[in-house]
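Per-entry structural report
The lines below spell out each chain.
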Amino acid sequence: MSEHSYVPGTAAEKWLDDRLPVARFAKEHLMDFPTPKNLNYWWTFGAILVMCLAVQIVTGIILAMHYTPNVAMAFDSVEHIRRDVNGGRIIQATHAVGASMFFLALYVHIFRNLFFGSYKAPREILYIIGVIIFILTMATAFMGYVLPWGQMSFWGATVITNIFSAIPVVGESVLQLLRGGFAVGNPTLNRFFSLHYLLPFVIAALVALHIWALHVPGNNNPIGVDVKSTRDTVPFHPYYTMKDLFAMVLFMIPFAWFIFFAPDILGHPDNYIQANSQVTPAHIVPEWYLLPFYTILRAIDFNVLFINSQLGGVIAMALSMIALLVVPWLDTAKVRSGLFRPVFKWFYLLFLINFIGLTYLGAQPAEGIYVVLAKVCTAYYFIHFFVVLPVLSRIEKPLPLPTSISENVLGKAHA
Ligand code: HEM
C-alpha cells in the first residue's frame, strides 16, 4: 500500500490529519485498500448488505414518524401510512420488501462464506461477528413484523415469546418480561417497537466492527490462497467500488419490481386482518426467512428423558445457531475454498438443498409426511456440521492449489 499511502496535500489537510485523520482513514481503507484481484460477484453481497441496512434504517425512521405503537391504533396507522401519507405507500413497501431482500442477501453472503471457507483462520472473529449480526437481524425482523398488529403479528408474537417459557426455572419470568404482562398486548407492542428501532443501530455498529475485522487480514478470495505480493491485489477504488455499485444496481431491479408491481406478495394475507386475540389463524407461519429455524424448533415434538418436547425444540434451535458459530473449529481442513475440495463440494450442495427443504417444511402444517421430513432435514443439518465437516477435514484429499492468485488469474506464463 505504501506507494498509495495518504500524503496531506495542503496545510489544512495536514492540520486535520494531525488531529483527526479521517481523510487518511478513508484513503487507506476505502480507496487504496489492497483487494485480491480475483474476487467474483459473490463478493459484492457485503456491499449490497450495507445498502440494505441503510435502506431499512432510512425508510424505518420515516415510517416511525407516522406509526403509532398502540394496540388500538397500530394497524390503522399502517393503513394511514399506505393511503394518506405522501409517498407512504412506497416507503412502507420498500421497508417490508426490503426485509426480504436483506435476508436474501444475508443468505447468499453466509452460503458464500460456507463454500469458500471464509470463516477459517485468520477470519474467525470476522465471521463470528457476522453470525451475531445474523441472529440480531432475525430478532429485529421478528419484532418488526409484530408492529403492524395484524393477525400474524399477534399470533407469531404469542407463539415465539411462548417458547421462552420452556427455559427451566426462569422461563416464566423471562416470558413475562418479554411480553410486559401475562399475554401479548400493548406493553409487548411498545417494547418491540422500542427494540425494533434500537437494534438496527446496534447492528450498524457491529457492521463497523465486522469491516474492521475484515481489514486486518484482508479479504479471502475464490481460490482461498493467501495474497503473496502486490501483484495479487488491486486497489479497492475504482475496481471494487465500481463492481459493487454495478451489483447494487442489479440487485435493485428485482427489489424495485416487488415494490412497484407486487408490494404485498411476500406478506401473509392474514396479516392484513387486524389482530384478534379471540380468533386463531388456521396456520401460524413466520416470514420465509425464519422458516428453516422454525422447522428445527418444531421438529422436536417428543420428550427425551427429563427434557420435554418444548424445551427440546428450543435447545435444537439454539444448537443450530451454535453450530454456525463454531464451524471454524469443526471444519479444520487446511484448504479453504470448496473449489479445491472434491468431496466437500457435494456435501455442501446437499446441505444447501437440505436448508431449502427446511425452509419449505417450515411453511407446511405439522402433520403426516411433513413431520417425518422435518425430523430428517433437522437431523441432517446437525450431521453436516458435527459429523461431515470434521470427518472430511481428516480424510479428504484436496486438489492441487494454484501457487498464487496472479497465477490463477493470468496463467502460469504471465504470473
Ligand atoms: C448486515 C449484515 C452484514 C453486512 C453489512 C456485512 C458486510 C460485509 C462486507 C462489506 C464484507 C466484505 C465484502 C464481501 O466479502 O462480501 C463482508 C465480508 C465477510 N462477511 Fe459479512 N456482512 C454482514 C453479515 C455477515 C454474516 C451474517 C456473516 C456470517 C454468518 C458474515 C461473514 C463475513 C465473512 C466471513 C466475510 C469475509 C469474506 C471474505 O473475504 O471471503 N457477514 N461482510
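Here, every reference points to the structure presented above.
A few points on the structure. The shown structure was predicted, so the numbers you read here are calculated from the model rather than taken from an experiment.

1. Let's talk about the nonpolar core
When a protein is soluble and globular, its nonpolar side chains tend to lie buried together. With 93 residues, the main nonpolar core has Leu-114, Phe-134, Phe-251, Tyr-381 and Phe-385 as its most contacted residues. The element that contributes the greatest number of residues to this core is helix 5 (residues 88–116), accounting for 14 residues. With residues near it in sequence (within four places) discarded, Leu-114 still touches Tyr-119, Tyr-127, Val-327, Phe-344, Tyr-348 and Phe-351. Listed in part, the seven residues of the second largest apolar core include Ala-166, Leu-291, Leu-311 and Val-314.

2. Quick notes on empty space enclosed by the protein
What the rule picks out here adds up to four cavities of 30 Å³ or more. Taken as a whole, the largest cavity holds about 960 Å³ of empty space. Lining of the largest cavity is provided by 43 residues; of these, Leu-63, His-95, Ala-96, Gly-144 and His-196 occupy positions nearest its centre. Secondary-structure elements contributing two or more residues to the lining of the largest cavity are helix 3 (45–64), helix 4 (74–83), helix 5, helix 6 (124–146) and helix 9 (186–215). With eight residues, the top contributor of residues to the lining of the largest cavity is helix 5. In the lining of the largest cavity, the residues fall into 27 nonpolar, twelve polar and four charged. Computed from the structure, the second largest cavity encloses a volume of approximately 70 Å³.

3. Let's talk about the packing of helix 5 against helix 10 (residues 236–261)
Packed helix pairs are specified by the crossing angle of their axes together with the interaxial distance, meaning the distance between the axes. Contact pair helix 5 / helix 10: the axes reach a minimum separation of 9 Å and the direction vectors enclose 140°. Between helix 5 and helix 10, the interaxial angle falls into the category oblique. Considering only the axes of helix 5 and helix 10, their crossing is right-handed. Across the interface between the two elements, Ile-90, Ala-93, Thr-94, Val-97, Gly-98, Met-101, Leu-104 and Ala-105 from helix 5 touch Phe-251, Pro-254, Phe-255, Phe-258, Ile-259 and Phe-260 from helix 10. Looking at the contact of helix 5 with helix 10 residue by residue, the class counts come to twelve nonpolar, two polar and no charged.

Definitions and limits used
Residues numbered from 1 in each chain as written. Predicted model: local features only at pLDDT ≥ 70, side-chain atom pairs only at ≥ 80, totals over all residues. Heavy atoms only, no water. Core = buried A, V, L, I, M, F, W, Y, C linked by side-chain atoms within 4.5 Å. Buried < 20%, exposed > 50% of the residue type's maximum accessible area, 1.4 Å probe, protein only. Helix = DSSP H or I, 4+ residues; strand = E, 2+ residues; numbered from the N terminus. Contact = heavy atoms within 4.5 Å. 1 Å grid on protein atoms, 1.4 Å probe; cavity = no way out; pocket = protein on both sides within 12 Å on 5 of 7 lines; lining within 4 Å. Points joined across faces, edges and corners; volume = space filled by probe spheres on them. Nonpolar A, V, L, I, M, F, W, Y, C, P; charged D, E, K, R; others polar. Axes fitted to C-alpha atoms, helices over the stretch in contact; angles between N-to-C directions. Parallel < 35°, antiparallel > 145°, perpendicular 65-115°, else oblique. Left-handed = near helix turned anticlockwise from the far one by under 90°.

Such coordinate-based values are descriptive only and should not be taken to indicate function.
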